[in-house]
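Notes for the structure review
Residue strings, one per chain:
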Amino acid sequence: MDSMEKIFGKTAQMTVLKNLIENQNEPTYLSGIAEATGLSHSSVSRVITPLIGSGVILEKPLGKQIRTFQLNMESEASKLIVDFYYKINQLVE
């Protein structure tokens with residue numbers, strides 16, 4: 001269990017967000033997030049929607065049916081979340 005899980009518990013949305021923080025420079029697909037996190041494709045799809053809506057995650061279409069996702073590092077909220085993530089991991093281990 002990592003520091004974020006100790007504080008906030010393990011949720012699908014937190015798991016997806018952590019994955020995107022840890023891979024913030026690499027766009028990925030729903031299936032890639034699902035594979036990396038062990039969550040189902042439908043769970044990833046469900047929890048990523050509010051993250052996109054809040055501007056924390058960027059969604060980019062790649063063709064007609066494929067979408068990529070990446071942490072939006074131009075968002076102030078994303079910057080604060082990333083900063084918090086790394087600081088809390090240093091303090092609570």
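On a predicted model such as this, the values are computed, not experimentally measured, just so you know.

How each quantity is defined
Residues numbered from 1 in each chain as written. Predicted model: local features only at pLDDT ≥ 70, side-chain atom pairs only at ≥ 80, totals over all residues. Heavy atoms only, no water. Helix = DSSP H or I, 4+ residues; strand = E, 2+ residues; numbered from the N terminus. Rg over C-alpha atoms; globule rule 2.2 N^0.38 Å. Salt bridge = Lys/Arg side-chain N within 4 Å of Asp/Glu carboxyl O. Buried < 20%, exposed > 50% of the residue type's maximum accessible area, 1.4 Å probe, protein only. Axes fitted to C-alpha atoms, helices over the stretch in contact; angles between N-to-C directions. Parallel < 35°, antiparallel > 145°, perpendicular 65-115°, else oblique. Contact = heavy atoms within 4.5 Å. Nonpolar A, V, L, I, M, F, W, Y, C, P; charged D, E, K, R; others polar. Phe/Tyr/Trp six-rings, centres within 6.5 Å; stacked < 30°, edge-to-face > 60°. pLDDT = per-residue confidence, 0-100.

**Description of the overall build of the protein**
Of the regular secondary structure elements, the protein holds 5 helices and 2 strands. For the protein, the α and β elements follow one another from N to C terminus as α-α-α-α-β-β-α. A compact globule built from 93 residues should have a C-alpha radius of gyration of about 12 Å, and the protein, at 13 Å, falls within 12% of that. Dimensions of the protein, computed from the C-alpha atoms along their principal axes, are close to 45 × 30 × 20 Å.

**Notes on the pattern of salt bridges**
Where charged atoms of side chains with opposite charge meet at close range, the side chains can pair. Scanning all chains against the criterion turns up 3 salt bridges. Glu-59 serves as the salt-bridge partner of Arg-67, at 2.7 Å between the closest nitrogen and oxygen. Residue class for Arg-67 comes out partly exposed when judged on its relative accessible area of 33%.

**Concerning the packing of helix α2 (residues 12-22) against helix α5 (residues 76-91)**
Between two packed helices, what matters for the description is the angle formed by their axes and the separation of those axes. Viewed as axis vectors pointing N to C, α2 and α5 meet at an angle of 90°, and their least axial separation amounts to 11 Å. As judged from the angle between their axes, α2 and α5 are roughly perpendicular. Contact with α2, carried on its side by Leu-17, Lys-18, Ile-21 and Glu-22, involves Ile-81, Val-82, Tyr-85 and Tyr-86 of α5 and no other residues of that element. Looking at the contact of α2 with α5 residue by residue, the class counts come to 6 nonpolar, no polar and 2 charged.

**A closer look at α2**
In an α-helix, one turn spans 3.6 residues; hence positions three or four apart end up facing the same way. Taking burial as the measure, the 11 residues of α2 include 9 buried ones, the bulk of the element. Of all the positions in α2, only Ala-12, Met-14, Thr-15, Val-16, Leu-17, Lys-18, Asn-19, Leu-20 and Ile-21 are classed as buried. Elements that come into contact with the buried residues of α2 comprise α1 (3-8), α3 (30-37), α4 (41-53), β1 (57-62), β2 (66-71) and α5.

**Structural notes on the packing of aromatic side chains**
Tallying each qualifying case throughout the model produces 1 aromatic pair. Geometrically, the ring pair formed by Tyr-85 and Tyr-86 is edge-to-face, given 5.2 Å between the ring centres and 75° between the ring planes. The exposure class assigned to Tyr-85 is buried, which follows from its relative accessible area of 4%. Classification of Tyr-86 as partly exposed rests on a relative accessible area of 38%.

**Section: the side chain of Asn-72**
Counting through the fold element by element, Asn-72 comes out in the loop between β2 and α5. Sequence-distant contacts of Asn-72, defined by excluding residues within four places in its chain, comprise Gly-55, Val-56, Ile-57, Leu-58 and Ser-78.

**Let's talk about the confidence of the model for the protein**
Mean pLDDT over the protein: 90, with 98% of residues reaching 70 or higher. The secondary-structure element of the protein with the lowest mean pLDDT is α1, recorded at 73, while α3 shows the highest, at 95.

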